[in-house]
Amino acid sequence: AEAISFLGLKHYFGGLGLAKDVSRAIELWTVAAELVSLNAHAVLGRIYYTGEGAEEDKPRGIRHWKEAATKGHVFSRNN
């Protein structure tokens, strides 16, 4: 799950020779979140809450942050 989340970051910012592809990054983070990646939940929370890279959906963003926070993701507890 964390490797998929890492690939999501690389697609989001365009690293490791990959072209920047926000929609692919969101797809990868969604898969990683389904596999219980707390980092993926945290990133998806920010993306959906702020609308950076996806249509703004505050309830969905909060849901991802809550999922990460309840499972121990420290930074998500502050959102």
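Residues numbered from 1 in each chain as written. Predicted model: local features only at pLDDT ≥ 70, side-chain atom pairs only at ≥ 80, totals over all residues. Heavy atoms only, no water.

## Let's talk about the packing of aromatic side chains
Then step 1. Tallying each qualifying case throughout the model produces three aromatic pairs.
Then step 2. Pairing Tyr12 with Phe13 gives two aromatic rings, centres 4.9 Å apart and planes at 85°, and the pair type is edge-to-face.
Then step 3. Its relative accessible area of 11% is what places Tyr12 among the buried residues.
Then step 4. Of the residues examined, Phe13 reaches a relative accessible area of 59% and is grouped as exposed.
Then step 5. Grouped by ring-pair contacts, the aromatic residues Tyr12, Phe13 and Trp29 constitute a single cluster.
Then step 6. Above the face of the Tyr49 ring, Lys58 is positioned so that its terminal group lies 3.9 Å from the ring centre. (Phe/Tyr/Trp six-rings, centres within 6.5 Å; stacked < 30°, edge-to-face > 60°. Buried < 20%, exposed > 50% of the residue type's maximum accessible area, 1.4 Å probe, protein only. Lys NZ or Arg CZ within 6 Å of the ring centre and 35° of its normal.)

## Examining the environment of Trp65
Then step 1. Within the element layout of this structure, Trp65 appears in helix 4 (residues 58-70).
Then step 2. Residue classification places Trp65 among the buried positions, given a relative accessible area of 10%.
Then step 3. Sequence separation between Trp65 and Val36 is 29 residues, and the spatial gap between their C-alpha atoms is 13 Å.
Then step 4. Once residues within four sequence positions are removed from consideration, Trp65 is found in contact with His41, Ala42, Gly45, Arg46, Tyr49, Ser76 and Asn79. (Helix = DSSP H or I, 4+ residues; strand = E, 2+ residues; numbered from the N terminus. Contact = heavy atoms within 4.5 Å.)

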